[in-house]
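The lines below spell out each chain.
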Amino acid sequence: MAKLYLKFEQSVLKEIPLTQAAATIGRLPDNTLQIDNLAVSGHHAKIYWNDGHYVVEDLGSLNGTYVNNKRVGKATLIHGDQVLIGKHVVEFKNEGSLALGASAPKAGPPAPKLDATVVLDTRQAQEMIAEKGVPAAAAYSVTGAPVPAKERIGLLTVLEGKTDQTKYVLTGKMTMIGKSSMATIQLKGFFAPTTAALISKRDGKYFVAPSEKKIKLKVNGEDVTTQRELIAGDVIEVGKLKASFSFQE
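From a predicted model like this one, the values you see are computed outputs, not experimental measurements.

A.B. asks: Any chance you could break down the pairing of strand β5 (residues 45-50) for me, citing the residues and the numbers?
C.D. replies: As defined by bridge partners, strand β3 (residues 22-26) adjoins β5 across four bridges and the pair is classed as antiparallel. Each residue of the ladder has a partner; that of A22, found in β5, is Y48. Sheet topology places β5 next to strand β6 (residues 53-58); six bridges connect them, and they run antiparallel. Bridge assignment links N50 to a residue of β6, and that residue is H53. In sequence, β5 turns back onto β6 through a hairpin of two residues, with D51 there showing a positive phi of about 55°.

A.B. asks: Requested: an account of the sheet that holds strand β8 (residues 70-72), with residues and values cited.
C.D. replies: Reading across the sheet, the six strands line up as β2-β1-β11-β10-β7-β8 and stay open at both edges, with antiparallel pairing between neighbours. Looking at the sheet topology across the chains shown, the edges are occupied by β2 (11-17) and β8. Mean inter-strand twist for the sheet, computed between neighbouring axes without regard to direction, equals 30°.

A.B. asks: Quick one: what's the story with the environment of L4, residue by residue and with numbers?
C.D. replies: The residue L4 is located in strand β1 (residues 3-8) in this model. When the C-alpha atoms of L4 and P17 are compared, they prove to be 6.3 Å apart, with 13 residues separating the residues in sequence. Excluding its chain neighbours within four sequence positions, the residues that come into contact with L4 are K14, E15, I16, L18, I47, V90, E91 and F92.

Parameters and conventions
- Residues numbered from 1 in each chain as written.
- Predicted model: local features only at pLDDT ≥ 70, side-chain atom pairs only at ≥ 80, totals over all residues.
- Heavy atoms only, no water.
- Pairing = 2+ DSSP bridges.
- Helix = DSSP H or I, 4+ residues; strand = E, 2+ residues; numbered from the N terminus.
- Axes fitted to C-alpha atoms, helices over the stretch in contact; angles between N-to-C directions.
- Contact = heavy atoms within 4.5 Å.

Next comes the structure, spelled out in structure tokens:
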């Protein structure tokens, strides 16, 4: 089994087994591996399974992500690699791959494929329901699990500020706001922050948080310094961006 070892000055602080398809690393408490240090961005990097290998990807962090002292945007990990996050080191170990070759996490298939499979199963089940006239209460998906209720999808409508779009459908589990090329909502302007804020989706709910302590984020005119749940009608302000949050019909 692959594991992550969080180290500071050669001392092991945490040990995290990679039992999920993806693990996030950052300063905020909703990360799989939280590093409570100001040098670490709120959502700094993620490690996930892709095409037979574990991959580390920087999430537009302010201080960057380094693998074996080389700054990377995305890189394949091998046993023994040292990932530098702020002033901490996250050591990647996958001893099983040395003898047997890399294998997918036991918890399930890769994250991208998992998402695609869920959508496919739901669509197939809906088609079966329509064709056979199965009552909604008795509906089951192809996998045998009950078909979930239709999930509400968040929508962000830009009211003020320069962005590449005027409306954003928040379908991903994490939406980055900033000037970074990796940002979902890309801010325009020379002085726009690289990463301004992050919107995360968990259990059908949406939460917004500033990416850095120095970033000024407001919801309905109130300063937000940690995570805050978004409800329909909320107005988000960060930098010169002003946008309203709602749910897509």
